[in-house]
Amino acid sequence: MTNKMWGGRFSSGPSEIMEEINASIGFDKRLFAQDIAGSMAHAEMLGATGIISVEDAEKITQGLSKVQHEINEGAFNFSRSLEDIHMNIEQRLKDIVGDAAGRLHTARSRNDQVATDFKLYVRDCVDELDGQIAGLQKALATKAAEFAGAVMPGFTHLQTAQPVTFGHHMLAYVEMFARDRSRFADARKRMNESPLGAAALAGTSFPIDREVTAKALGFDGPSRNSLDAVSDRDFVMETLAAASISAIHLSRLAEELVYWSSVQFGFIRLSDRFSTGSSIMPQKRNPDAAELVRAKCGRIIGALTGLMVVMKGLPLTYSKDMQEDKEQAFDAFDSYSLALAAMTGMISDLTPNVEKMRADAGSGYSTATDLADWLVRVLGLPFRDAHHVTGEIVGLAEAEGKGLDELSLEAMQKIEPRIEQSVFDVLSVEASVASRTSFGGTSPENVAREAKRWLKKLG
Ligand code: ARG
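In this text, all values refer to a predicted model and were calculated from it rather than measured experimentally. Residue positions are given per chain, counting from 1 as you read along its sequence in written order. Selection of residues for local features in this predicted model requires a pLDDT of at least 70, selection of side-chain atom pairs for listing and counting requires 80 or more, and totals for whole chains, interfaces and linings are taken over all residues. Just so you know, side-chain values use all the structure's heavy atoms and leave hydrogens and water out.

Visitor: Even after reading the chapter, I still don't get the site of the ligand, so can you show me in this structure?
Guide: Taken together, Ser 24, Asp 28, Asp 84, His 86, Arg 110, Asn 111, Val 114, Tyr 318, Gln 323 and Lys 326 make up the full set of residues near the ligand. Identification of polar contacts relies on pairs of N or O atoms within 3.5 Å, with a donor-acceptor requirement for protein atoms, meaning one able to donate a hydrogen and the other able to accept it, and with residues adjacent in sequence counted only if both atoms are side-chain atoms. Taking Asp 84, its side chain carries an N or O atom lying 3.0 Å from a nitrogen atom of the ligand. Between a nitrogen atom of the ligand and a side-chain N or O atom of Asn 111, the distance comes to 2.9 Å. Here the Shrake-Rupley method, with its probe set to 1.4 Å, supplies the accessible areas, and only the displayed protein chains count as covering residues. Here the ligand has 340 Å² of accessible area as a free molecule, and 87% of this is covered by the chains. A helix here means a DSSP run of H or I that spans at least four residues, while a strand means a run of E at least two residues long, and both kinds are numbered starting from the N terminus. No other element matches the 3 residues that helix α6 (residues 110-146) contributes to the shell around the ligand. We define proximity as follows: a residue is near a molecule or strand when any one of its heavy atoms falls within 4 Å of that partner.

Visitor: What should I look at first to understand a nonpolar patch on the surface in this one?
Guide: A surface patch of nonpolar side chains, about 270 Å² in accessible area, is lined by Leu 201, Leu 227 and Leu 316. With respect to the helices and strands, Leu 227 occurs in helix α9 (residues 226-231). Like-charged residues are merged into a patch within 9 Å and nonpolar side chains (Val, Leu, Ile, Met, Phe, Trp, Tyr) within 5 Å, provided each residue has over 30% relative accessible area and no salt bridge. The rule for a salt bridge is simple: a side-chain nitrogen of Lys or Arg has to be within 4 Å of a carboxyl oxygen of Asp or Glu.

Visitor: Help me understand the nonpolar core in this model?
Guide: Here, nonpolar core refers to any group of buried Ala, Val, Leu, Ile, Met, Phe, Trp, Tyr and Cys residues whose side-chain atoms link them within 4.5 Å. Only protein chains enter the accessibility calculation, which uses a 1.4 Å probe; a residue is then buried when its area is under 20% of its type maximum, exposed when over 50%, and partly exposed in between. In this structure, Phe 166 and Met 343 are the most contacted members of the largest nonpolar core, which totals 98 residues. Top contributing element to this core by residue count: helix α10 (residues 234-260), with 14 residues. The contact rule is simple, with two residues in contact once any of their heavy atoms fall within 4.5 Å. The residues contacting Met 343, other than those within four sequence positions of it, are Leu 136, Leu 250, Leu 253, Ala 254, Leu 257 and Val 293.

Visitor: I would appreciate a short explanation of the side chain of Ser 366 in the present structure.
Guide: Mapping Ser 366 onto the fold places it in the loop between α13 (354-362) and α14 (368-379). For Ser 366, a relative accessible area of 1% puts it in the buried group. At 2.4 Å, the side chain of Ser 366 forms a polar contact with the backbone oxygen of Ala 361. Not counting residues up to four positions away in its chain, the partners in contact with Ser 366 are Thr 160, Ala 161, Gln 162, Pro 163, Ala 361 and Val 429.

Visitor: Mind showing me how you'd approach the pattern of salt bridges here?
Guide: When the charged atoms of two side chains lie near each other, side chains of opposite charge can form a pair. A full pass over the atoms with the stated rule returns 27 salt bridges. For Asp 56, the salt bridge goes to Arg 103, with nearest N and O atoms at 3.1 Å. Linking Asp 56 in helix α4 (residues 54-72) with Arg 103 in the loop between α5 (85-97) and α6, this pair joins segments that are 47 residues apart in sequence. Among the residues examined, Asp 56 registers a relative accessible area of 15% and is labelled buried. Between Asp 331 and Arg 299 there is a salt bridge, and its shortest N-O distance comes to 2.4 Å. You can see Asp 331 sitting in helix α12 (residues 327-349) and its partner Arg 299 sitting in helix α11 (residues 288-311), a full 32 residues away along the chain.

Visitor: Teacher, can you tell me more about the packing of aromatic side chains here?
Guide: Describing an aromatic ring pair means giving the distance of the ring centres and the angle of the ring planes. Any two rings among Phe, Tyr and Trp, with Trp reduced to its six-membered ring, count as a pair given centres within 6.5 Å; such a pair is stacked if its planes are under 30 degrees apart, edge-to-face if over 60, and tilted if neither. For the structure shown, the criterion picks out 10 aromatic pairs. Judged by centre distance (6.0 Å) and plane angle (85°), the ring pair of Phe 147 and Phe 166 falls under edge-to-face. Residue Phe 147 is found in the loop between α6 and β1 (151-156), and its partner Phe 166 is found in helix α7 (residues 166-191); the two are separated by 19 residues along the sequence. Residue Phe 147 shares its accessibility class with Phe 166, and that shared class is buried. One aromatic cluster in this structure is built from Phe 118, Tyr 121, Phe 235 and Phe 330. Its end group placed over the ring of Phe 10, Arg 9 keeps NZ or CZ at 6.0 Å from the ring centre. Two conditions define a charge sitting above a ring: the NZ of Lys or the CZ of Arg must be within 6 Å of the ring centre, and it must be within 35 degrees of the ring normal.

Right under this line is the structure:
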């Protein structure tokens, strides 16, 4: 049997393998709601402009509502021989309303149809993801407010650098996710032009009203070039790029949760709800959720890379290659959404081990910079000289197996005679973080204020 939709000039149907490689219904059925919304807007416009009769337009929209209902109820029979979601819906519409269904595809092609459907889908994803990222930011800012003054080691090169607070660390991620949200919002703004009415590639001779369909579908207006409209998949690539960058942020945070929760670090305890046991080692609590969040990043970047490779070198306008734009994107958005949910749960539930973090913050001469700054501020040494003197004092402390604040004043004075008792005011980790009051610095006062500001902003 030849294809019912386009088989007019064919004498036989496709081979089994042709059907298998050609069909997209297995995955593009996800677009059913967007496809029906696009068809409704198109049918109403065709009726309003007199391109089809108002009665036919009404029959079509009523029939589409019925199709929508059937799909929602799980009562719709998807058929591979009908290739994709567009033809599956149109065929069912024909069963329901008869000949009027054949008029729906006037002044339209599957090329502008699929571009419209997918854009609507990606736009819906962006809107949903934005709410989810905001939820994660809220969980992070809540922890930050609670632990604004909890001292932990700050690292560079994963070596203890200077004391910071746990709240400050949480808020670093709040900033990253804020940038991610603005990247998604940016992509949304740019994608919000309607391809519908570009038809196959050249536009149409029918007197359609693209402004009306664009408005009905929530677009800012119609896209201005029909060739571009059916060829453009920037909106998917750009959204996947935003998701990839954000997935990198999730992955970095996940990595920190993994090592923070190790026995060796012991900075945090993940809740039972987000840990798993080992089938052989009874003592284990594994951070599987964090590891999987870290790994999901690979799939998301993979989807971006995959689509960029598909698009690269495609001549204008539509080529069937572009059908390969969907599956990986669906998977990437699902994975990213799940990773966000898991991270939000882990952050909300985790308990920092304040004592362990504080103890580690004091090791590794983390207040050496405070000592150098004191030498500059109180004794007027040039910073480079202060750095040198501090290095000698650290060397002495190391030789005696002591922390900086455990050295005697006399010992320090052997290296720099002008050092006085007040130096001890800056050598504790608490004094160190409290002094970092510069804008954006880690002082508990700053952190508490920032956490409060974020929580208010996030509502
Ligand atoms: N299933 C197709 C896709 O996802 C729909 C567009 C088909 N267009 C065509 N000219 N064959 O890209």
